[in-house]
Amino acid sequence: MSGVPKRITKEIERLNRDPVPGISVEIIGDNIRYFSVAMAGPSQSPYEGGLFKLELFLPEDYPMVPPKVRFLTKMYHPNIDKLGRICLDILKDKWSPALQVRTVLLSIQALLSAPNPDDPLANDVAEQWKTNEKLAIQTAAEWTAKFASA
Amino acid sequence: MYFVEPRNFVLLRELEQAEKGIGDGRCSYGLKTPDDVMMYRWDGTIFDPHHSSSENGFYALEIYCGDDYPKKPPTVSFTQPLRMPGLRDDMCTVDFSAIDGLKTWKASYGMAHVLKCLYNHIVKHKPRSLR
């Protein structure tokens, strides 16, 4: 493979020109497929007020395969595990080459607003979310203050 | 511009591979603590083909993947001292330059390859326990 696919450079250009609100994306070092992402916690969610770090990588076969992305900031969320891995259908079997980095980041932001404890990755967290949602949301807010203060 | 898979995503891939099980089951590895986000410290095990100098039939190893992994090899050491060639003076830490298959490190090797080479080394040299 020679050079970076046009598809990737175009996506980066557009992300710079027309950024997603609450999300900043930066290339890490000299690897144009590797990004550091900072995501503001959505308002009206227990993640509000937090700034969450993620890393995102576009594999060699992108866009035929989805981007790889995970949180680096500790999260209390039923669909995010202890290593920051994210359970999201478009990052797996629902991926389509028509989707973009932008779509992925928007979906992750939406997942913070709407946790889905019925499709958990972190089982203990999902259990808490189902049995005592109020306490789960309180814990998520505490973790946000502790680990993600902007 | 060449293609480079970043360290953290290499290690996430290796972790998934380890969770599925590697090779014929004679070697295994996993994160030492499940919330080590930077994935530095790993535990490895190698089946003892001689049923002799190991504890419980397996050799236990500690693997450290630094910030330069996989460009640089991991640091690998047995948790018990052994009399066997290919180890440094502490009789635990593996000297990659003395192990067949590891003498010239390649970023594509991964921990599965390291453990497999060590297994072959153990088969060949039959270590003796120093405990």
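Note that the structure is a prediction, hence the values are computed from the model and not measured.

S.K.: Could you give an account of the overall build of chain B, with specific residues and numbers?
M.R.: Check the secondary structure of chain B and you find two helices and six strands. Written out in order from the N terminus, the α and β elements of chain B read α-β-β-β-β-β-α-β. Relative to the 2.2 N^0.38 estimate, which gives 14 Å for 131 residues, the radius of gyration of chain B is 14 Å and therefore close to what a compact globule would have. Considering only C-alpha atoms, chain B reaches an extent of 45 × 30 × 25 Å along its principal axes. Per-residue burial for chain B yields a buried fraction of 27% across its 131 residues.

S.K.: For the UniProt feature "active site" (unreviewed entry) in chain A, give the residues involved together with the corresponding values.
M.R.: Residues and elements named next belong to chain A. The residues that UniProt annotates with the feature "active site" (unreviewed entry) are Cys 87. With respect to the element layout, Cys 87 can be found in the loop between β4 (68-71) and α2 (101-113). Beyond its immediate chain neighbours, meaning those up to four positions away, Cys 87 contacts Asn 79, Asp 119 and Leu 121.

S.K.: Describe the environment of Gln80(B), listing the residues and the values that go with them.
M.R.: Position of Gln80(B) relative to the elements: it lies in the loop between β4 (75-78) and β5 (82-83). Taking the C-alpha atoms as reference points, Gln80(B) and Asp90(B), ten residues apart in sequence, are found 9.9 Å from one another.

S.K.: How would you summarise the nonpolar core if you had to cite specific residues and measurements?
M.R.: Counting 30 residues, the largest nonpolar core has Val37(A), Leu54(A), Leu56(A), Phe71(A), Ile86(A) and Ile108(A) as its most contacted members. Elements represented by at least two residues in this core include exactly β2 (34-40), β3 (51-57), β4, α2, α3 (123-131) and α4 (133-147) of chain A. If you tally residues by element for this core, the top one is α2(A), at five residues. Here Ile86(A) is in contact with Val69(A), Arg70(A), Phe71(A), Asn79(A), Ile80(A), Leu91(A) and Ile108(A), once residues within four sequence places are set aside. In this structure, Ala18(B), Val76(B), Phe78(B) and Leu102(B) belong to the second largest nonpolar core, which totals 23 residues.

S.K.: Outline the pairing of β2(A), listing residues and values.
M.R.: Residues and elements named next belong to chain A. Judged from the five bridges that link them, strand β1 (residues 23-27) and β2 form a sheet pairing that is antiparallel. Looking at the pairing, Ser 24 lines up with Ala 38 of β2. If you look at the hairpin formed by β1 and β2, you'll find six residues sitting between the two strands, and Gly 29 has a positive phi there, around 60 degrees. Note that β2 and β3 share seven bridges and pair antiparallel. Across the sheet, the residue bridging to Ser 36 is Glu 55, located in β3.

S.K.: Account for helix α1 (residues 7-20) of chain B, naming residues and giving values.
M.R.: Taking 1.5 Å of rise per residue, the 14 residues of α1(B) would be expected to cover 20 Å, and the 20 Å separating its terminal C-alpha atoms lies within 8% of that figure. Among all positions of α1(B), only Asn8(B), Val10(B), Leu11(B), Glu14(B) and Ala18(B) are buried. In an axial view of α1(B), the angular spread of the buried residues amounts to 155 degrees, which keeps them on one side of the axis. Turned more than 90 degrees from where α1(B) packs its buried face, Glu16(B), Glu19(B) and Lys20(B) sit exposed. Buried residues along α1(B) sit in contact with β3 of chain A together with β1 (27-31) and α2 (110-125) of chain B. Directly after α1(B), the chain includes Gly21(B), whose backbone phi takes a positive value near 100 degrees.

S.K.: Hey, could you go over the sheet that holds β1(A) for me, with residue numbers and the actual values?
M.R.: All names here are of chain A. Sheet architecture is open: four strands sit in the order β1-β2-β3-β4, paired in antiparallel fashion. Each edge of the open sheet carries a strand with a single partner, namely β1 and β4. In this sheet, adjacent strand axes meet at a mean angle of 20 degrees when their direction is disregarded. Sheet analysis places β3 next to β4, joined by four bridges and oriented antiparallel. Pairing of Leu 56 across the sheet is with Val 69, part of β4. Packing of α2 onto the sheet brings it into contact with β1, β2, β3 and β4, and relative to β2 it is tilted by some 35 degrees.

S.K.: Quick rundown of the sheet that holds strand β3 (residues 58-64) of chain B? Include the residues and the values.
M.R.: Strand pairing in a sheet takes place through backbone hydrogen bonds and is either antiparallel or parallel in direction. Residue and element names in this part refer to chain B. Strand order in this open sheet of four strands is β1-β2-β3-β4, and the pairing throughout is antiparallel. Strands with a single pairing partner mark the edges of an open sheet, and in this sheet they are β1 and β4. The average undirected angle you get between the axes of adjacent strands in this sheet is 25 degrees. Two elements, β3 and β4, share four bridges in a ladder whose sense is antiparallel. Within β4, the position partnered with Glu 62 by the bridge is Ser 77. Sheet contacts for α2: β1, β2 (41-47), β3 and β4; angle to β2, the most-contacted strand, approximately 35 degrees.

Calculation rules
- Residues numbered from 1 in each chain as written.
- Chains lettered and ligands numbered in written order.
- Predicted model: local features only at pLDDT ≥ 70, side-chain atom pairs only at ≥ 80, totals over all residues.
- Helix = DSSP H or I, 4+ residues; strand = E, 2+ residues; numbered from the N terminus.
- Rg over C-alpha atoms; globule rule 2.2 N^0.38 Å.
- Buried ≥ 20, exposed ≤ 12 C-beta atoms within 10 Å, placed from the backbone.
- UniProt positions renumbered as here; feature names shortened; annotations may be inferred.
- Contact = placed C-beta atoms within 7 Å.
- Core = buried A, V, L, I, M, F, W, Y, C linked by C-beta atoms within 7 Å.
- Pairing = 2+ DSSP bridges.
- Expected span 1.5 Å × (residues − 1).
- Arc of directions from axis to C-beta.
- Axes fitted to C-alpha atoms, helices over the stretch in contact; angles between N-to-C directions.

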